[in-house]
Amino acid sequence: VQLVESGGGLVQPGGSLRLSCAASGFTFISYAMSWYRQAPGKEREYVASITSGSGVTNYADSVKGRFTISRDNSKSTVYLQMSSLKPEDTAVYYCRAQFVRVYWGQGTQVTVSS
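Residues numbered from 1 in each chain as written. Predicted model: local features only at pLDDT ≥ 70, side-chain atom pairs only at ≥ 80, totals over all residues. Heavy atoms only, no water.

Visitor: What is the right way to look at the packing of aromatic side chains in this model?
Guide: Here the distance between the centres and the angle between the planes together describe a pair of aromatic rings. By the definition in use, this model includes 6 aromatic pairs. Counting every residue linked through ring pairs, the aromatic cluster contains Phe26, Tyr31, Phe99 and Tyr103. Above the ring of Tyr94, the side-chain terminus of Arg44 is found at 3.7 Å from the ring centroid. Of note, Arg71 hangs over the ring of Phe28, and the distance from its end group to the ring centre comes to 4.5 Å. (Phe/Tyr/Trp six-rings, centres within 6.5 Å; stacked < 30°, edge-to-face > 60°. Lys NZ or Arg CZ within 6 Å of the ring centre and 35° of its normal.)

Visitor: What's the story with the environment of Ile50 in this structure? I'm lost.
Guide: You can see Ile50 is positioned in strand S5 (residues 45-50). A relative accessible area of 5% means that Ile50 is categorised as buried. Distance from Ile50 to Tyr93, taken between C-alpha atoms, is 16 Å for residues 43 residues apart in sequence. Ignoring any residue separated from it by four or fewer positions in sequence, one finds Ile50 in contact with Ala32, Met33, Gly55, Val56, Thr57, Ile69, Ser70, Arg71 and Val78. (Helix = DSSP H or I, 4+ residues; strand = E, 2+ residues; numbered from the N terminus. Buried < 20%, exposed > 50% of the residue type's maximum accessible area, 1.4 Å probe, protein only. Contact = heavy atoms within 4.5 Å.)

Visitor: Mind showing me how you'd approach unusual backbone geometry here?
Guide: A negative phi holds for most residues other than glycine; trans holds for most peptide bonds. Despite not being glycine, Ser76 has its phi angle at roughly 50°, a positive value. With respect to the helices and strands, Ser76 occurs in the loop between strand S7 (67-72) and strand S8 (77-82). If you check the backbone angles, Ser84 has positive phi at about 50° while not being a glycine. The residue Ser84 is located in the loop between S8 and strand S9 (91-98) in this model. Ser84 gets classed as partly exposed once you look at its relative accessible area, which sits at 42%.

Visitor: Is there a simple way to think about the environment of Val11 in this case?
Guide: Here Val11 is to be found in strand S2 (residues 9-11). On the basis of relative accessibility, which here comes to 11%, the residue Val11 falls in the buried class. Between the C-alpha atoms of Val11 and Cys95, which are 84 residues apart in sequence, the distance is 20 Å. Setting aside its immediate chain neighbours within four residues, Val11 contacts Ser16, Leu17, Leu85, Thr111, Val112 and Ser113.

Visitor: Could you clarify how one ought to interpret the state of the cysteines in this entry?
Guide: Joining two cysteines, a disulfide is a covalent bond between their sulfur atoms. Across all of its chains, the model carries 1 disulfide by this definition. Two residues share a disulfide in this structure: Cys21 and Cys95, whose sulfurs sit 2.1 Å from each other. An S-S torsion of about -80° defines the bridge between Cys21 and Cys95 as left-handed. Of the two residues, Cys21 is situated in strand S3 (residues 17-24) and Cys95 in strand S9; the sequence distance between them amounts to 74 residues. Judged by its relative accessible area of 0%, Cys21 is buried. Classification of Cys95 by relative accessible area gives buried; the value is 0%. (Disulfide = S-S within 2.5 Å.)

So, in structure tokens, the structure goes:
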């Protein structure tokens, strides 16, 4: 089982990034997918999720209207489009898969700074 995040980096406030999480080793279409993040010195927190099947999405209040989660089941990949980024969005972003079991990726760093 693997969840491999990519797309992180350094971006200026107000900018955009798209994170990707490529999954392998399990039946991706059956799993709900989520993004979490962890800032230095803080606990890991929920960002967004998308269900299996109908693809219903949900967002933390802090990112609602700025971030969009989506999935491409044909590519076993989940995305997080981030716009209007703020310095407080700086964190390591983790991909999570949940169904019978829970799997985590290794994380990708996002830094929002001028």
